[in-house]
Amino acid sequence: MFKITIELEKEIIDELETLDVVSGDFSELRFNKDCSCSGGCGTYAPACACCGYQH
Amino acid sequence: MLKPNLKYVTLIATEGCNLSCTYCYETNKSKRSFDVEETKKIIEHELVVDDGFDAVSFEFFGGEPFLEFEKIKLIVEWFKGKSYPKKFSFFAGTNGTLLDDTTKKWLLEHKDIFFLGLSLDGTKDMHDINRSNSFDLIDIPFFVQNYDNLVVKMTVSQETLPNLYEGVKFCHDVGFHAIRCNLAQGIDWTKNDNETILETELGKLIHFYLENPTLTVCSLLDYQLQNISFDLNGRIVKFCGAGTRMKVYDVTGEEYPCQYFLPLSIGDKSLDTKKIKFNDFIEIKDLDKMCQTCVGVSVCPSCYGANFAATGNIHGRDVSFCKLTKTIIKANSFFKAKQWELGQLKNMEKKDLKLLLNAILKIQSEL
């Protein structure tokens, strides 16, 4: 289950070729978008106490 | 709003709780509670100490913190309006069952400094199975109407897993936006056909969110897959803030890396936690062998406290939980791919999109 079709996979590969090469580093990763544990730690302060991300 | 240069200080207000949730990892509950004057000193210390942070979120935790509402009130009112080198706010995660009219009035009067999170495990049936038949004691409209960004924490047990989709949909239907949904940590997930059930429920959720693209996706399908595309030279970022940007003071004023390491949770084993050194990075070579080659390692929601409680090693993961996590990561990759196919990721920056699409292909081929 959750396997994408070969057609969709090919579309993604084609799209990747049109996008510039990029790389990421730690500073971008850490507060990427949301708390990484999504409340799994049980504290779930806004947004979540565990990783330090704040909406 | 506070900036990311923020530390989280959890204050255990009480070791007691009026509920007895099936998955609760706090196995040594008692009637002990914190001392108001000692807690004020802890808060003052955290606000003036030169530790590189410029803001603090203080969280009242339990047990159920509202069992000690009178003490919480005294503390918050003491600090409200005072000025310190660090900005600060207060927060309490609650089971929502003890908020009478007086409490609600006070909460609304202090909304600028005191935030709430609610534990709600889905529909009435789901919630009641997990959380001591307490659904009817929660004034859901109070939370929905007064707290726009309130985070609902929906914990999934083996008993409620077959209704996962229904539970998430219920939370959306009653008006919540931020749904932090996770599988209960520290319980035995090996029984039953959990993997198949989880697949079915995630499939329904994916369909639901693709049909309703304006909804905020629950955390179970909002893994930051882009992180898989980062090359961090043999390291991963520590999954949570335990022992680095997060600390917990228990009712005696003793400090621990997070609430899972408290005597309240793991009894005498907590003595050993003082020796653990936490860093922002983890060397992949220090992880379990099975994790070292796993494509999902940088998004895996590994709970160091649950690991430690189960294996005595903060990196020693539970294999049954690992299987389910892989299913979730695969579902995330499928969901994101479908979102992209349907044009639902058009607002994503190109750089982010490239990282995401790379990650999708990696997961699809390796997991």
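Keep in mind the model is a prediction, meaning the values are calculated, not measured.

## A few points about the overall build of chain B
Part 1: The helix and strand tally for chain B stands at 12 helices and 10 strands.
Part 2: For chain B, the C-alpha radius of gyration of 21 Å lies close to 21 Å, the compact-globule estimate for 367 residues.
Part 3: Referenced to the eigenvectors of the C-alpha coordinate spread, the extents of chain B come out at roughly 55 × 45 × 40 Å.
Part 4: Each of the 367 residues in chain B was classed as buried or not, and the buried ones make up 58%.
Part 5: The contacts of chain B with a sequence gap of at least 6 include a subset with a gap of at least 24, amounting to 78%.
Part 6: Within chain B, one finds 44 positive and 50 negative side-chain charges whose respective centroids are separated by 5 Å.

## A look at the overall build of chain A
Part 1: On a plain count of helices and strands, chain A comes out with 2 helices and 0 strands.
Part 2: When each of the 55 residues of chain A is scored for burial, the buried share is 51%.
Part 3: On chain A, roughly 2,700 Å² of surface is accessible, and the fraction owed to carbon and sulfur atoms is 55%.

## Focus on helix α1 (residues 6-18) of chain A
Residues and elements named next belong to chain A.
Part 1: Taking 1.5 Å per residue as the helical rise, α1 with its 13 residues ought to reach 18 Å, and the 19 Å between its terminal C-alpha atoms agrees with that figure.
Part 2: Within the sequence span of α1, burial applies to Leu8, Ile12 and Leu16. Taken end-on, α1 shows its buried residues confined to a sector of 80°, consistent with a single buried face. Those residues of α1 that are exposed and aimed more than 90 degrees away from the buried face are Ile6, Glu7, Lys10, Glu17 and Thr18.

## Structural notes on the nonpolar core
Residue and element names in this part refer to chain B.
Part 1: Residues Phe114 and Leu164 are the most contacted members of the largest nonpolar core, which totals 95 residues.
Part 2: At 9 residues, helix α11 (residues 319-341) tops the list of elements feeding residues into this core.
Part 3: Excluding residues that lie within four positions of it along the chain, Phe114 makes contacts with Phe60, Phe66, Ile72, Val76, Phe90, Ala92, Trp106, Leu107 and Tyr147.
Part 4: Of all hydrophobic cores here, the second largest spans 32 residues; its members include Tyr25, Val248, Ile282 and Val297.

## Some words on the packing of aromatic side chains
All names here are of chain B.
Part 1: Tallied over the full model, the rule gives 23 aromatic pairs over all chains.
Part 2: Summarising the aromatic geometry, the rings of Phe69 and Trp106 are spaced 5.3 Å apart at their centres and angled 80° between planes, so their arrangement reads as edge-to-face. Of the two residues, Phe69 is situated in helix α2 (residues 69-79) and Trp106 in helix α3 (residues 101-109); the sequence distance between them amounts to 37 residues.
Part 3: With relative accessibility at 5%, the residue Trp106 sits in the buried group.
Part 4: Among the aromatic residues, those joined into a cluster by ring pairs are Phe34, Phe58, Phe60, Phe66, Phe69, Phe79, Tyr84, Phe88, Phe90, Trp106 and Phe114.

## Quick word on the pattern of salt bridges
All names here are of chain B.
Part 1: For the coordinates displayed, the defined rule picks out 21 salt bridges over all chains.
Part 2: In this structure, Lys80 engages Asp112 in a salt bridge whose closest nitrogen and oxygen atoms are separated by 3.3 Å. Residue Lys80 is found in the loop between α2 and β3 (87-94), and its partner Asp112 is found in the loop between α3 and β4 (114-119); the two are separated by 32 residues along the sequence.
Part 3: The exposed category is assigned to Asp112, whose relative accessible area is 56%.
Part 4: Between Asp286 and Lys285 there is a salt bridge, with its nearest N and O atoms 3.7 Å apart.
Part 5: Taking relative accessible area as the criterion, Asp286 reaches 43% and is therefore assigned partly exposed.
Part 6: Bridged by salt links that share partners, the residues Lys7, Glu46, Asp51, Lys86, Lys247 and Glu255 form one connected network.

## Observations regarding the confidence of the model for chain B
Part 1: Here chain B averages 92 in pLDDT, while 99% of its residues score no lower than 70.
Part 2: Under the prediction, the complex receives an ipTM of 0.87, its pTM being 0.92.

## Quick word on the sheet that holds strand β8 (residues 246-249) of chain B
Residue and element names in this part refer to chain B.
Part 1: The 8 strands lie next to each other as β6-β5-β4-β3-β2-β1-β8-β9, forming an open sheet whose pairing is mixed. In this open sheet, the two edge strands, each paired with only one partner strand, are β6 (178-183) and β9 (255-256).
Part 2: Where β3 meets β4, 5 bridges bridge the pair, whose relative direction is parallel. Paired with Ala92 across the bridge in β4 is Leu116.

## Quick look at the side chain of B:Lys40
Residue and element names in this part refer to chain B.
Part 1: Tracing the backbone shows Lys40 in helix α1 (residues 36-48).
Part 2: Given the relative accessible area of 11%, Lys40 is considered buried.
Part 3: Once residues within four sequence positions are removed from consideration, Lys40 is found in contact with Trp78 and Phe79.

## What to know about the packing of helix α7 (residues 194-211) of chain B against α11(B)
Residue and element names in this part refer to chain B.
Part 1: Running from N to C, α7 and α11 cross one another at 20°; their axes reach a closest spacing of 10 Å. In terms of their interaxial angle, α7 and α11 are classed as roughly parallel. The hand of the α7/α11 crossing is right-handed. Within the contact between the two elements, α7 uses Asn194, Glu195, Leu198, Glu199, Leu202, Ile206, Tyr209 and Leu210 and α11 uses Lys323, Leu324, Thr327, Ile328, Ala331, Phe334, Phe335, Lys338 and Gln339.

## Concerning the pairing of β8(B)
Residues and elements named next belong to chain B.
Part 1: Strand direction decides the pairing type here: strand β1 (residues 6-12) and β8, joined by 4 bridges, are parallel. Bridged to Tyr8 within β8 is Met246.
Part 2: What sits between β8 and β9 in their antiparallel hairpin is a turn of 5 residues, with Gly253 showing a positive phi close to 90°.

Calculation notes
Each chain carries its own residue numbering, running from 1 in the direction its sequence is written. Written order determines the labels here, with chains lettered from A and ligands numbered from 1. At least 70 in pLDDT is required for a residue's local features to be given in this predicted model, at least 80 for side-chain atom pairs to be given and counted, and no such filter applies to totals for whole chains, interfaces and linings, which use all residues. For the side-chain quantities, the full set of heavy atoms in the structure was used; hydrogens and water were omitted. Segments assigned H or I by DSSP are reported as helices when at least four residues long, segments assigned E as strands when at least two residues long, and all are numbered from the N terminus. Taken over C-alpha atoms, the radius of gyration is set against a globule rule of 2.2 Å times the number of residues to the power 0.38. For every residue, the accessible area (1.4 Å probe, protein chains only) is compared with the maximum for its type, and the residue is labelled buried under 20%, exposed over 50%, or partly exposed between those bounds. For this analysis, residues touch if any pair of their heavy atoms sits within 4.5 Å. As used throughout, the charge tally considers Lys and Arg to be positive and Asp and Glu to be negative, leaving His and the chain termini uncounted. A charged residue contributes its charge at one atom only: NZ of Lys, CZ of Arg, CG of Asp or CD of Glu. Only the protein chains shown count as covering a residue, and every accessible area follows the Shrake-Rupley method with a 1.4 Å probe. Here the expected span of a helix is defined as 1.5 Å times the quantity of residues minus one. Starting at the helix axis, one direction is taken to each C-beta atom, and the arc is that of these directions. Within this scheme, the nonpolar core is defined by two criteria: the residues are buried Ala, Val, Leu, Ile, Met, Phe, Trp, Tyr or Cys, and they are joined through side-chain atoms within 4.5 Å. Two aromatic rings from Phe, Tyr or Trp, using only the six-membered ring of Trp, form a pair when their centres are within 6.5 Å; if the ring planes differ by under 30 degrees the pair is stacked, by over 60 it is edge-to-face, and anything between is tilted. What makes a salt bridge here is a side-chain nitrogen of Lys or Arg within 4 Å of a carboxyl oxygen of Asp or Glu, nothing more. The quantity known as pLDDT measures the predictor's confidence residue by residue, on a range of 0 to 100. Two strands pair under a simple rule: DSSP has to find at least two bridges between them. Axis definition: a line fitted to C-alpha atoms, limited for helices to the stretch in contact. Angles are taken between N-to-C directions and run from 0 to 180 degrees. To sort the angles, those under 35 degrees are grouped as roughly parallel, those over 145 as roughly antiparallel, those from 65 to 115 as roughly perpendicular, and the leftovers as oblique. Here is the rule for handedness: rotate from the far helix to the near one, and if that takes an anticlockwise turn smaller than a right angle the crossing is left-handed, while a clockwise turn gives right-handed.

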